[in-house]
There are 2 protein chains.
Amino acid sequence: MPLPSPPPQVSGIKQDELRRHNLSLLLRYVHLEGPTQRATLTAQIGLNRSTIGALAADLAAAGLIREETPGVRSGAGRPSLVVVPEIERYQALAFDLRVDRIDAARVGLGGILLARETVPLPDGHRGFDEVIGLLRGTARLLTESLPEDTRLVGVGVAIPAVVRDADGFVRFAPNLGWEERPFGDTLALELERALPRRPFERESVLVANDADLGALAEHTRGVARGHEDVVYLSGNVGLGAGVICGGRPLRGHGGYAGEVGHMIVNPTGQRCRCGARGCWETEVGIDAIVRAAGRTPGDGTTVRSLVSDALAGDELARSALYEVSRWLAVGVGNLVNIFNPELVIFGGDLRELLPMVHRDVVSRMGAGGLTVSREHVELVPSALGVDSPLFGAAELAFARLLDDPLGVAMSLPSAAD
Amino acid sequence: MPLPSPPPQVSGIKQDELRRHNLSLLLRYVHLEGPTQRATLTAQIGLNRSTIGALAADLAAAGLIREETPGVRSGAGRPSLVVVPEIERYQALAFDLRVDRIDAARVGLGGILLARETVPLPDGHRGFDEVIGLLRGTARLLTESLPEDTRLVGVGVAIPAVVRDADGFVRFAPNLGWEERPFGDTLALELERALPRRPFERESVLVANDADLGALAEHTRGVARGHEDVVYLSGNVGLGAGVICGGRPLRGHGGYAGEVGHMIVNPTGQRCRCGARGCWETEVGIDAIVRAAGRTPGDGTTVRSLVSDALAGDELARSALYEVSRWLAVGVGNLVNIFNPELVIFGGDLRELLPMVHRDVVSRMGAGGLTVSREHVELVPSALGVDSPLFGAAELAFARLLDDPLGVAMSLPSAAD
């Protein structure tokens, strides 16, 4: 039996909360699984037929779903209606603010990608105001041709930063050169001005760390679906982790958990940008790999090019990857002992690295340490490729609607209002 | 806004589950807070007066609580009845299996200590069968004078081991010299034979790692009450952690999470019993401290004696503690970056160490690394002293009853049956 866990909030459940909870379950189900027969919903959600029918009717009245008669009858009896999410009617904007570019998307309910844009961020153009301006322009571009009755449920932003989750305030984003910037508030204000016909509520503009959103996306729509204990590693210039524990994202007190890049693994190692010595990210970050291969960070060397050089016989590239696999094994081994995950997902550039170092990392992890936590763990590449944080940002934007479908749908102003 | 978290199980809430949930909240409240006026329960639990009354009546009918008229009227109007947990009627047994002794207790509903026993475990007497025999004898001793109508709700055991939480199977307990032993099953069988007048269900005998139970006890009844993100460190011969994330215990896939003692912090350090080099426990475990002070592990040196020697001017003891504080800072800093906790609790022998090393650990953690996660973290000693795992074991034993008060109360055989 698992350890007992008292409910985080001592609060009794009332009738109206029960209804909201069940509406949320139903909408979330079709958001994640797509069009689903009522009969399947009855079986999967564990409520009876008439309750499911009543919930579906409520969601349909709010325009969140519609019910269709299936083209093909399955089995005997009356055909079960299919509950279909209203993809066009409820949409979200998602941004993945990366070091070298902004990836942006418009996503419909159900997680369907409807439009996307990429904006390059060349050196010298990562200033706070400039980035805010680019986000504003991209938001306008993505929304200009939307029909009148489409409602924008929210805006989600993934950012390579330590972010305060309450308000999207950026504490520290070394790779953007930002520190202590009111990113969430500023962006919300600018979007409000930029999209006058799509009025926003402040709380619908949500910002989170890119690795945390990568983990969320892989957990909801990627390789970690159905897994409860997952570590997602995001390696680009920095190294971060998003962790799912017992099916829920690890947040920490201020939302800053998962800063695994600054786990000290080599106290006699190199000085990190954070000031400490031997942080994991100084040993396995992209810059470290590039340097170990005798190149210069910023010379255009990528993980992909190094891997292909190594495969082509470049000894320096090969030994750099070998060295990196050693430090990857130390850090991944630590995280496996700490979290006992089923999956360690290699996201971002680490994805390119995995096929090359997989065997080495696993065998080094096995050389010592506890065996029990390693028994069931698998090292896998992210299923959504480099888009995990982008799709995670979309999930973040949809979260409020999914938690309280009718409450939020009623409160959303439409352009036609 | 926190990251969205889909419910771990997709399952609609039905009326009977709602009632069970609310019964559970009410019983848990008085279990943790003690006798409470109905008016307070109404305000705290957020259900209306009549619902609270009905729930209390159900619990009273099962003998789990009783309602009393308060001696002193508070404020105007009718005095609000006081809901009192039935301490004597529902009891649990708790064991903390330590390296040198077994601590045992009989605990009443409400977490009230009713009896305790200590059984020494001298060298050479930690064999599996011998320990099972001692647990059986102690259980008999603790229960022999119980009244007929007392019901034993469960048995909880804290153990310095990597334990499979599903069935209490011990995977690895280096400090007891056990590996792959069916501890939970064997103990349940033996207790069934030893206590024929107190029939047991297998699932009421629960085993968990001692640090996990220390964390649970500090979270429910100790220094971490009301905190959602907590790391509890248990340092005795080994070094383990119990972690509370977002108000819930960190378990991991098989229940093996929190093996922080085998986090590698010094890859050029000493060989650990686990086979790896430079595990945190080889740098800050009691044996490491004793050796650093020029003593021999097993010579009777304790953390307490070292601290008092250092305070008395023993230079070797002082430099040993200084060295230990350095490695404590590395490991605690890593955990703070990973978990962003509000509290790091020093339990077990580490409790003795904390006053001496506190300043040093904090200043070293501040020398580099991310500042954000350190802003709000406090390093504190365990409030329950060395008894945290013992009280955690009692909570573990009560968990089933608290989750489903009527269901479990009805199923419990009483001696009189």
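Please read these numbers as outputs of a predicted model, since none were measured by experiment.

### Section: the relation of the copies chain B and chain A
Right, so step 1: Least-squares fitting of chain B to chain A yields an RMSD of 0.0 Å, with the superposition described by an axial translation of 0.0 Å and a rotation of 180°. The transformation just described matches what one would write down for a two-fold rotation axis. No C-alpha of chain B approaches the rotation axis more nearly than that of Val-265 of chain B, which lies at 2.5 Å.
Right, so step 2: Both copies share a contact surface, since 100% of the interface residues of chain B are interface residues in chain A too.

### Digging into the pattern of salt bridges
Right, so step 1: According to the stated counting rule, one finds 46 salt bridges over all chains in the structure shown.
Right, so step 2: Connected through shared salt-bridge partners, Arg-66, Glu-68 and Glu-86 of chain A make up one network.

### Regarding the interface of chain B and chain A
Right, so step 1: On the chain A side, the residues contacting the 85 residues of chain B number 85 residues.
Right, so step 2: Buried area between chain B and chain A, summed over both chains or domains, comes out near 7,200 Å², and the portion from carbon and sulfur atoms is 65%.
Right, so step 3: Linking chain B with chain A are zero salt bridges, by the criterion used here.
Right, so step 4: Where chain B packs against chain A, one counts 18 residue pairs in polar contact (both at pLDDT 80 or more).
Right, so step 5: Where the side of chain B that touches chain A is concerned, the elements lending two or more residues are helix H1 (15-33), helix H2 (38-45), strand S9 (169-173), strand S11 (205-209), helix H6 (210-221), strand S14 (248-249), helix H10 (315-339) and helix H12 (388-403) of chain B.

### A look at the sheet that holds strand S2 (residues 65-68) of chain B
Residues and elements named next belong to chain B.
Right, so step 1: Read across the sheet, three strands follow the order S1-S3-S2 without closing on themselves; strand pairing throughout is antiparallel. Strands at the two margins of the open sheet, each flanked by one partner only, are strand S1 (36-37) and S2.
Right, so step 2: By the bridge criterion, four bridges tie S2 to strand S3 (residues 82-85) in an arrangement that is antiparallel. Across the sheet, the residue bridging to Glu-68 is Val-82, located in S3.

### Things to note about unusual backbone geometry
Right, so step 1: Residues other than glycine seldom take positive phi values, yet Glu-180 of chain A does so here, at roughly 50°.
Right, so step 2: Located in the positive-phi region is Asn-340 of chain B, a residue other than glycine, with phi close to 45°.
Right, so step 3: In this fold, Asn-340 of chain B is placed in the loop between H10 and strand S15 (343-348).

### Structural notes on the packing of helix H1 (residues 15-33) of chain A against helix H12 (residues 388-403) of chain A
Residue and element names in this part refer to chain A.
Right, so step 1: In the contact formed by H1 and H12, the axes pass within 8 Å of each other and the chain directions differ by 145°. When H1 is examined against H12, the residues Arg-20, Ser-24, Leu-27, Arg-28, His-31 and Leu-32 are found in contact with a partner set consisting of Glu-395, Phe-398, Leu-401, Leu-402 and Asp-403.
Right, so step 2: A per-class count over the contact of H1 with H12 returns five nonpolar, two polar and four charged.

### As for the packing of aromatic side chains
Right, so step 1: Per the counting criterion, the structure on display carries seven aromatic pairs over all chains.
Right, so step 2: When the ring of Trp-178 of chain A is compared with that of Phe-183 of chain A, the centres are 5.6 Å apart and the planes differ by 45°; the resulting orientation is tilted. We note that Trp-178 of chain A, like Phe-183 of chain A, is buried.
Right, so step 3: Between Phe-339 of chain A and Phe-339 of chain B, the ring centres sit 5.2 Å apart and the planes meet at 55°, which makes this aromatic pair tilted. Linking Phe-339 of chain A in helix H10 (residues 315-339) with Phe-339 of chain B in helix H10, this pair reaches from one chain into another.
Right, so step 4: Judged by its relative accessible area of 2%, Phe-339 of chain A is buried.
Right, so step 5: For Arg-164 of chain B, the ring lying beneath its charged end belongs to Phe-169 of chain B, and the centroid distance is 4.5 Å.
Right, so step 6: Over the face of the ring belonging to Phe-128 of chain B we find Arg-181 of chain B, whose NZ or CZ atom lies 4.2 Å from the ring centre.

### Comments concerning the sheet that holds S15 of chain B
All names here are of chain B.
Right, so step 1: As summarised here, the arrangement of the five strands in space is S14-S13-S12-S15-S16, forming an open sheet in which the pairing is mixed. This sheet does not close on itself; its edge strands, each paired only once, are S14 and strand S16 (378-381).
Right, so step 2: When strand S13 (residues 239-245) meets S14, the two strands line up antiparallel, connected through two bridges. Among the inter-strand pairings, Ile-244 is bridged to a residue of S14, identified as Pro-249.
Right, so step 3: Along the sheet face, H6 touches strand S12 (230-235), S13 and S15 and points at about 45° away from the line of S13.

### As for the side chain of Thr-282 of chain A
Residues and elements named next belong to chain A.
Right, so step 1: In this structure, Thr-282 sits in helix H7 (residues 280-284).
Right, so step 2: Here Cys-279 takes part through its backbone oxygen, which lies 2.7 Å from a polar atom of the side chain of Thr-282.
Right, so step 3: When neighbours within four sequence positions are excluded, Thr-282 is seen to be in contact with Gln-270, Arg-271, Cys-272 and Ala-288.

### Looking at the environment of Thr-36 of chain B
Residue and element names in this part refer to chain B.
Right, so step 1: Considering the arrangement of structural elements, one finds Thr-36 in strand S1.
Right, so step 2: Residue Thr-36 is classed as buried on the basis of its relative accessible area, which comes to 6%.
Right, so step 3: Sequence separation of Thr-36 and Val-84 is 48 residues, and the distance between their C-alpha atoms is 6.8 Å.
Right, so step 4: Once residues within four sequence positions are removed from consideration, Thr-36 is found in contact with Tyr-29, Val-30, Leu-41, Leu-81, Val-82 and Val-83.
Right, so step 5: A polar side-chain atom of Thr-36 sits 2.7 Å from the main-chain carbonyl oxygen of Gly-34.

### Side note on the confidence of the model for chain A
Right, so step 1: Of the residues in chain A, 93% reach a pLDDT of 70 or more, and the chain-wide mean stands at 89.
Right, so step 2: Complex prediction metrics read pTM 0.91 and ipTM 0.90.

### Thoughts on the domain arrangement of chain A
All names here are of chain A.
Right, so step 1: Taken domain by domain, chain A consists of domain 1 (15-85), domain 2 (90-211 + 389-411) and domain 3 (225-382).
Right, so step 2: Inter-centroid distance (C-alpha atoms) of domain 2 to domain 3 is 28 Å.
Right, so step 3: Contacts between domain 2 and domain 3 engage twelve residues on the former and 14 residues on the latter.
Right, so step 4: By the criterion of area lost to domain 3, the three top residues of domain 2 are Asp-165, Asn-175 and Ala-211, representing 46% of everything that side buries.
Right, so step 5: Arg-251 is the salt-bridge partner of Asp-165, the closest N and O atoms lying 2.5 Å from each other.
Right, so step 6: Counting the contacts that link domain 2 with domain 3 gives two residue pairs in polar contact (both at pLDDT 80 or more).
Right, so step 7: When residues in the side of domain 2 that touches domain 3 are grouped by element, the largest group, three residues, is from strand S8 (residues 162-164).
Right, so step 8: Residues that form the side of domain 2 that touches domain 3 fall into these classes: six nonpolar, two polar and four charged.

Reading guide: rules and limits
Residues numbered from 1 in each chain as written. Chains lettered and ligands numbered in written order. Predicted model: local features only at pLDDT ≥ 70, side-chain atom pairs only at ≥ 80, totals over all residues. Heavy atoms only, no water. Least-squares fit on C-alpha atoms with pLDDT ≥ 70 in both. Contact = heavy atoms within 4.5 Å. Salt bridge = Lys/Arg side-chain N within 4 Å of Asp/Glu carboxyl O. Buried area = accessible area lost by both parts, 1.4 Å probe. Polar contact = N/O pair within 3.5 Å; in protein donor to acceptor, adjacent residues only side chain to side chain. Helix = DSSP H or I, 4+ residues; strand = E, 2+ residues; numbered from the N terminus. Pairing = 2+ DSSP bridges. Axes fitted to C-alpha atoms, helices over the stretch in contact; angles between N-to-C directions. Nonpolar A, V, L, I, M, F, W, Y, C, P; charged D, E, K, R; others polar. Phe/Tyr/Trp six-rings, centres within 6.5 Å; stacked < 30°, edge-to-face > 60°. Buried < 20%, exposed > 50% of the residue type's maximum accessible area, 1.4 Å probe, protein only. Lys NZ or Arg CZ within 6 Å of the ring centre and 35° of its normal. pLDDT = per-residue confidence, 0-100. Domains from an automatic or database assignment.

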